[in-house]
Every structure is written in C-alpha cells, then in structure tokens.
Amino acid sequence: MTGANAPGTHARVWGCRMSIRKIVTAAIAAVALSAGAANAETALSYYVNGQVDFAQIDAGATDDDYTNFAVGGAVAFAVSENIGAQIDALLTFVDEDISDDEVFAGTAHLFHRTAEGLIGGFLGAATSDGDTTWGGGVEAAKYHDAWTLGGAVTYATNDDTDTDLWLIDGYVQYYYNENLASEFGVGFGNADNGGGDADLWAVNAGVAYQLSSMPLGFSARVGYGTVDDADVDAT
C-alpha cells in the first residue's frame with residue numbers, strides 16, 4: 001500500500017480578529033501541506049484519490065455540520081539509490097457555509113529511504129481566494145515487519161491573515177496483510193493570529209483496503225479535535 005493521505009481538518013474562531021472562513025481555510029491548508037511521504041517509494045509510483053469529509057463543529061452556542069470534498073494525487077520517483085522525491089497536490093471544495101472558495105495545495109518532498117525507515121523534509125504552498133499559506137517541515141518513519149511508526153513537524157504561515165501555525169503529529173500503521181491496514185494518530189498544534197493564540201489537539205483512527213485485482217483502494221477515518229480555551233470541539 002503506497003502513497004500518503006491527509007485527513008481534512010476544521011477549526012473554529014478563537015479570537016475576534018479572524019473570520020470563520022479564514023481560520024478554516026488556513027487550517028485545511030496547513031494540514032494539506034503536511035501530507036506525508038512515509039509510504040512513498042524511491043522507484044516511480046503514483047496515486048490519485050478522492051475524499052469526503054463530514055464534520056460537526058460545536059462552538060458554544062453554535063453547533064453546525066459541514067461537508068468538504070477533495071481530490072488529489074501524488075507521484076514519487078527516485079533521485080538516487082536511496083533518495084526519493086514526491087510531488088503531491090490536493091484540491092479541497094470547502095462547505096459553502098464556511099467559504100465559497102476552494103483550497104488548492106501543492107507540496108514537494110525530498111527523503112532518504114531504506115528498508116529500516118525514512119527521513120526527509122517538505123515545502124509547499126496552499127492558496128484560497130488570493131490568500132496564500134506557505135509551509136514546510138520534517139518527517140520521519142520507522143518500518144517494522146507488520147507496522148510503521150511515524151510523525152512530522154509542520155510550520156505554516158499566512159501573511160495575508162497574520163496567521164502562524166505549528167503542527168506536530170504522530171501515527172502508527174498496522175498491516176494485517178498486503179491489502180488491509182489500520183492507522184491511529186494524535187496531533188498537537190498552536191495557532192497565532194496576531195491577537196492571541198490557541199492550542200489545538202486531535203486524535204484520529206482509520207482503516208484502508210486495497211483491492212488485489214486492480215489498483216483501487218478505499219479508506220475511512222474518524223477523528224476528534226478541540227481548541228483549548230475557546231470552547232470549540234470538532235468531530
């Protein structure tokens with residue numbers, strides 16, 4: 001099972017200087033930029049994927065449901081024997097109750113991979129309605145016979161909205177066989193929009209199945225996130 005998936009994310013207002021649209025699109029952009037290359041090959045490989053995100057956001061007196069759609073893909077190739085690169089892109093159609101604009105993100109990864117693990121870095125950008133979020137970070141993974149332990153540190157900034165985000169996430173993937181795998185992850189972040197900052201926490205779990213008869217797979221994921229000191233929860 002190759003490729004990397006980036007789950008969508010949602011946030012809600014934690015300060016008075018930034019609208020719901022700006023915060024959600026900035027959060028989606030930051031997570032899109034942090035899509036990992038932990039399963040990328042140093043040989044030529046590629047994938048195309050589509051996803052639907054259903055979210056419920058509870059912000060005190062407000063309790064809303066949102067649906068986002070996204071389509072993306074990636075191509076990985078060898079630079080040298082153990083050095084590989086991956087280029088990925090993701091287009092997210094944000095729920096119209098949050099924004100009328102789409103978020104497009106592109107990221108380039110460069111990594112060193114062996115049979116024991118992977119370590120590398122990435123740089124990328126995401127744009128929505130003329131606002132551009134720039135980001136980058138480091139990523140690593142340790143391979144075992146039936147499971148993988150990995151994580152990434154991401155920094156993203158948007159000068160148009162005076163927003164800076166740090167994201168730290170870790171995950172463990174377990175492979176039941178060549179077709180079926182599950183993943184459990186936890187993440188921590190901090191967002192600063194000039195007028196204040198807030199800590200963000202998230203946990204998630206997912207399962208993926210790849211067909212043996214054709215290059216087609218399916219996955220599902222559930223998660224929970226919260227913004228400290230802002231009475232905001234998202235599932």
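Criteria and thresholds
- Residues numbered from 1 in each chain as written.
- Predicted model: local features only at pLDDT ≥ 70, side-chain atom pairs only at ≥ 80, totals over all residues.
- Heavy atoms only, no water.
- Pairing = 2+ DSSP bridges.
- Helix = DSSP H or I, 4+ residues; strand = E, 2+ residues; numbered from the N terminus.

A. Region of the structure containing the pairing of strand 9 (residues 180-192). Where strand 8 (residues 163-175) lies against strand 9, 12 bridges are found, and the strand directions are antiparallel. Looking at strand 9, one finds that D169 is bridged to G187. Hairpin geometry of strand 8 and strand 9 is characterised by an intervening segment of four residues between the two adjacent antiparallel strands. Pairing between strand 9 and strand 10 (residues 197-210): 13 bridges, direction antiparallel. Pairing of N190 across the sheet is with D199, part of strand 10. Hairpin remark: strand 9 followed by strand 10, antiparallel, with four residues in the connecting loop; positive phi at G194, about 90 degrees.

B. Representation of the pairing of strand 6 (residues 131-143) in the model. Pairing geometry for strand 5 (residues 117-128) and strand 6, over 12 bridges, is antiparallel. Paired with S128 across the strands is D131, a residue of strand 6. Two elements, strand 6 and strand 7 (residues 147-158), share 10 bridges in a ladder whose sense is antiparallel. Looking at strand 7, one finds that K142 is bridged to L149.

No statement about biological role is implied by the geometric values presented.
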